[in-house]
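Coordinate analysis (summary)
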Amino acid sequence: MTKTVLTTCTRDCPCSCSLIAQVVDGRLVHLSGNSDHPVTRGTVCRKAPSFIRRLYSPERVLTPLRRTNTGWQRLGWDEALDAVADRLQRYCATDGSLAVLHYQRWGNLNALKLLNYRFFNLLGGATTNTGALCNGAGVAGQIADFGAYQSHSPEDILNSRFVFLWGRNPYTSNISQVRFIKEARERGARVTLVDPIPTASNRLSDRHLQLRPGSDGFLALALAKVLLAEHLIDRDFLAERTQAFGEFSRIADSYTLEQLAQLCDIPASVITEVAREYGKSRPASIWLGGGPQRWSHGAASFRLIDALGALSGNVGVPGGGVSYMLDPFGHLDPSVFGQDSAKKSRGIPMPLIGKGLLESENPPIKMIMTFGGNPVNQSPNSQKVKKAFEKVDFVVVVDQFLNDTAEEADLFLPATSFLEEEGLMFSYSHRWTGPVNPVVGRQGEVRTDLEILQGLADRLGVGQEMNGSPRYWLEKLTRPLTRGNLSIDELLAAPQLLTQIPAVPYEDGVFPTPSGRFQFAEEVPIQVTSDSAYPLHFLCIHAPTWTNSQVPANHMDELPEAYVHPNTALGAGLAHGMEATLRSKIGGLKVRLEVDARQREDTVLLYQGRWMKAGGGANTLTPDVMSHQGDSATYYETMVRLEL
Ligand SMILES: Nc1nc2c(c(=O)[nH]1)N[C@H]1C(S)=C(S)[C@@H](COP(=O)(O)OP(=O)(O)OC[C@H]3O[C@@H](n4cnc5c(=O)[nH]c(N)nc54)[C@H](O)[C@@H]3O)O[C@H]1N2
Ligand SMILES: Nc1nc2c(c(=O)[nH]1)N[C@H]1C(S)=C(S)[C@@H](COP(=O)(O)OP(=O)(O)OC[C@H]3O[C@@H](n4cnc5c(=O)[nH]c(N)nc54)[C@H](O)[C@@H]3O)O[C@H]1N2
Ligand code: SF4
Ligand SMILES: [Mo]
């Protein structure tokens, strides 16, 4: 028997694609895009077949496991939950609830996962992971300027005459935007890509500014200098809607165009040409990706880019804007997270989690429970994180696969995939919700995060407070929406437009900053990163064919490829296809060289995510440094050298 089920992809991905699953005799055979969806419009990415392979993978864990001296041993759910509840009770009684670290990430963005916070709050308040691995610096920069972080609706790009794709590669990480960009170009929009590496998005662009990594702020300032010099600015907007324009102009005056051109490694003549095009095409939009903000000075770079929007008056207008992302959970009821029950709270910033764990005291962390993340692999300075996890008394990993973090676990609890559970999705790039429906029956004995925590809550005397079906909790979470024009039935039946999110932010010209105006940056705390012992920028970016550390089996045991310019290989006495070592000041990683004449000579490109236990581990090279603003990881600031 064949049936189709409508669901929504829950991957940590801006698209939140509406999907149609084809099921034959109870087995998922195909995932396709839902062509009725107004934004994702039938797209589905090339990763989708791997979702099916992961669902049925022989490597997937289907029962709880306990580590013993002789390896992993299966155990029943009752025994597993008794063991976890016993430990939770013990540490809470002797050391206090802060001795437990609840490590939550977003391998599955289903809104129900927010209930995980409720459980740990009911215990009295656990230590949580704070800060960001992903977007914190960029968000901090946008909040400083606009008072919030909001994004234009993806389809609004059709109104643009000029588009910057700035450190953003929709082909890898926002595939549903590709069609809109193509259509915008058909309507005459010109597209400029700003990225230190050549990406598939070169195909979407008329021009590629292959700047020095990390120098985006200088490029933005150079563009601003031309806009100012050539009066390509919106004087009314600047006078009525902005703050600190004078200070910003003085920053621009303090550099020559030639100095800035050298700092970002783009010729002044090209900068002038691009600035003229941006300044003269109205409306013009800037679409930011994560790359320019995974640096210590990431927030400052974003602020200087935001300034271009304000200078040219491309803020609050259709087809304009400086768009990064939306807050996916901003419209839900936070009281459901149960913060009131927590008597204590403490955070360990994710970029420094190894250090934070090793130095934790009063009380030290005795137990960790991880959900939806692979911190040993994905945090900077992985080896330090691994050592820190080893020192913790009791580690419980809730996941689907025995990844690098599971290597450090005492107990492993097998989680459902999004294809086996109910829920609701909120996107971080568009305004549509999406229902998550179980597409097939569950494999083995896997349970949802919610069911696991309900089982623990029962054992710890707070069962009443966690009880309830997915629908019950979704209804509570979405109360701010359902009080308006949407019912829970509608939300669970089909994608719904959240009309409270504006398609064009700041259209009224009012900004939620202290002054109510757009706030220009008043200083430029940016520098070019360099290190004579480690002369190459290590761009360990997101892979086109997998998400973060969810690497398909056929790529797992391959040596990671490092893409370098031929002269870079030659300089190290190496050639295409050879094995080599990348060395940073904290570690080494074996790679296979891919020589590519399109790369910059000062850059190594490597797709991150492969597991340390399979010979990968980009983050064995990335130091644990936190951004100046936004408590974010600074992966791309890492410098390396190439060795035989
Ligand atoms: N296929 C795939 N899709 C994904 C993911 C994945 O791992 N794989 N991850 C998901 C996640 S967690 C996220 S956060 C999102 C978004 O993830 P993003 O980080 O926004 O990903 P990209 O759009 O690839 O943009 C990163 C781009 O920034 C460039 N870059 C690096 N350093 C700099 C710099 O200094 N300046 C400039 N201008 N550019 C720079 C990189 O070369 C790269 O092309 O993608 C999601 N989607
Ligand atoms: N070097 C380098 N490192 C990076 C980045 C980079 O660009 N370069 N990017 C950073 C970014 S942007 C991000 S967002 C982080 C991502 O880092 P993480 O958030 O740790 O992401 P993943 O490695 O994808 O881990 C997600 C895990 O969730 C599991 N999972 C999926 N669904 C469920 C579920 O329903 N329940 C439970 N319990 N588990 C589930 C998956 O099996 C997987 O192991 O990494 C960061 N790390
Ligand atoms: S593009 Fe993103 S949301 Fe769409 S199917 Fe792929 S991973 Fe899922
Ligand atoms: Mo991310």
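Residues numbered from 1 in each chain as written. Chains lettered and ligands numbered in written order. Predicted model: local features only at pLDDT ≥ 70, side-chain atom pairs only at ≥ 80, totals over all residues. Heavy atoms only, no water.

With that out of the way, let us pick up the side chain of T43. Relative to the assigned elements, T43 resides in the loop between strand 3 (27-33) and helix 1 (48-55). Reaching out from T43, the side chain makes a polar contact with the backbone oxygen of T40 at a distance of 2.5 Å. Filtering out sequence-adjacent residues up to four positions away, T43 remains in contact with C17, G33, I175, S176 and R179. (Helix = DSSP H or I, 4+ residues; strand = E, 2+ residues; numbered from the N terminus. Polar contact = N/O pair within 3.5 Å; in protein donor to acceptor, adjacent residues only side chain to side chain. Contact = heavy atoms within 4.5 Å.)

If you check the shell around ligand 1, you find 36 residues, and the closest are S173, D195, D216, R294 and W546. With respect to ligand 1, the backbone of G214 contributes an N or O atom lying 2.8 Å from an oxygen atom. In the model, a nitrogen atom of ligand 1 is placed 2.6 Å from a nitrogen or oxygen of the W546 main chain. Protein chains shield 97% of the accessible area of ligand 1, which is 900 Å² for the free molecule. Looking at the shell around ligand 1, the elements with two or more residues in it are helix 5 (170-173) and strand 21 (536-541). The residue makeup of the shell around ligand 1, split by class, is 18 nonpolar, 12 polar and six charged. (Near = heavy atom within 4 Å. Areas by Shrake-Rupley, 256 points an atom, 1.4 Å probe, with all protein chains shown as cover. Nonpolar A, V, L, I, M, F, W, Y, C, P; charged D, E, K, R; others polar.)

Another point: the sheet that holds strand 9 (residues 190-194). The strand order across the open sheet built from five strands is 10-9-8-12-13, with neighbouring strands paired in parallel fashion. Both outer strands of the open sheet, strand 10 (207-209) and strand 13 (322-323), are each paired with one neighbouring strand and no more. Across five bridges, the pairing between strand 8 (residues 162-166) and strand 12 (residues 284-288) is parallel. Bridge pairing in strand 12 links F164 to I286. Helix 12 (residues 298-311) rests against strand 8, strand 12 and strand 13 of the sheet, and its axis sits at about 165° to strand 12. (Pairing = 2+ DSSP bridges. Axes fitted to C-alpha atoms, helices over the stretch in contact; angles between N-to-C directions.)

Another point: the environment of D236. Mapped onto the fold, D236 is located in helix 8 (residues 235-241). Residues D236 and G313, spaced 77 residues apart in sequence, show a C-alpha to C-alpha distance of 8.4 Å.

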